[in-house]
Amino acid sequence: MAGLAPDAASRTAMSATYLANLAWAAGRAASAKVDILIEPINTRDIPGYFLNRQDDAHAIVAAVGAPNLMVQMDLYHCQIVEGDVAMKLRAYLPTGRVGHLQIAGVPERHEPDVGEVNYPYLFDVVDALGWDGWIGCEYRPKAATSAGLGWLRALRAESLNRR
């Protein structure tokens, strides 16, 4: 995690430290054949968090240059900070530098079928781009966990009907 940025700290100095720490960690992880993910997080959920934007995360990954350093694209955070999620997917998935996708409903971080993001549309974009990785869910179910998976059953049924 990038961590919280102290109010008085220089962003330039923090960036240099972050890049150096990531290069060190990626080097150690590479010897164990492990990938490292960095995740931009919105400032509403974590005020003061250092890394908030997809373009910044991808620039950091490029600057470090380690093949095992990737971005976790959490579409919940991306929508809150930047919006235009489909275009972000089109820009970044083909780079091969996205290691994981994650979803939740926006704005309350409930089930992905609640809120302002059209995930069935975004899943079609992801499929068209050839993503073969996992899509994780990190949300607060409105009720019990099993009931909170109702959206997935409905999405699967809809997907089968479209084929």
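The rules behind the values
- Residues numbered from 1 in each chain as written.
- Predicted model: local features only at pLDDT ≥ 70, side-chain atom pairs only at ≥ 80, totals over all residues.
- Heavy atoms only, no water.
- Buried < 20%, exposed > 50% of the residue type's maximum accessible area, 1.4 Å probe, protein only.
- Helix = DSSP H or I, 4+ residues; strand = E, 2+ residues; numbered from the N terminus.
- Arc of directions from axis to C-beta.
- Polar contact = N/O pair within 3.5 Å; in protein donor to acceptor, adjacent residues only side chain to side chain.
- Pairing = 2+ DSSP bridges.
- Axes fitted to C-alpha atoms, helices over the stretch in contact; angles between N-to-C directions.
- Right-handed = clockwise from strand over helix to strand, strands pointing away.

A. Expanded view of helix H5 (residues 119-128). Among the residues making up H5, those that are buried are Tyr119, Leu122, Phe123, Val125 and Val126. Seen end-on, H5 carries its buried residues on one side only, within an arc spanning 155°. Of the exposed residues in H5, those oriented more than 90 degrees away from the buried face are Asp127 and Ala128. The N-capping residue of H5, defined by a side-chain oxygen 3.2 Å from the backbone nitrogen of Tyr121, is Asn118. Positioned one or two residues after H5, Gly130 has a phi angle of 80°, which is positive.

B. Focus on the sheet that holds strand S4 (residues 135-137). Pairing is parallel across the open sheet formed by four strands, whose spatial order is S1-S2-S3-S4. Whereas interior strands pair on both sides, the edge strands pair on one side only; in this sheet they are strand S1 (36-38) and S4. Recorded for the sheet is a direction-independent mean angle of 35° between the axes of neighbouring strands. Sheet topology note: the strand S3 (residues 98-103)/S4 ladder contains three bridges and is parallel.

C. Representation of unusual backbone geometry. In this structure, Pro107 follows Val106 across a cis peptide bond, with omega equal to 20°. Turning to its location among the elements, Pro107 is positioned in the loop between S3 and H5. The phi angle at Lys33 is positive, at roughly 60°, despite the residue not being glycine. What makes Lys33 exposed here is its relative accessible area of 77%. In this model, Arg109 sits at a positive phi of 60°, which is unusual for a non-glycine residue. Examined against the element boundaries, Arg109 turns out to sit in the loop between S3 and H5.

D. Examining the pairing of strand S2 (residues 69-74) more closely. Of all six residues in S2, six are buried; the element is thus mostly enclosed. Here S1 pairs with S2 via three bridges, running parallel. By the bridge assignment, Ile36 is partnered in S2 with Leu69. Between the parallel pair S1 and S2, the chain is carried across by helix H2 (residues 54-64), and the sense of this crossover is right-handed. In the sheet, S2 pairs with S3 via four bridges, with the strands oriented parallel. Paired with Val71 across the bridge in S3 is Val98.

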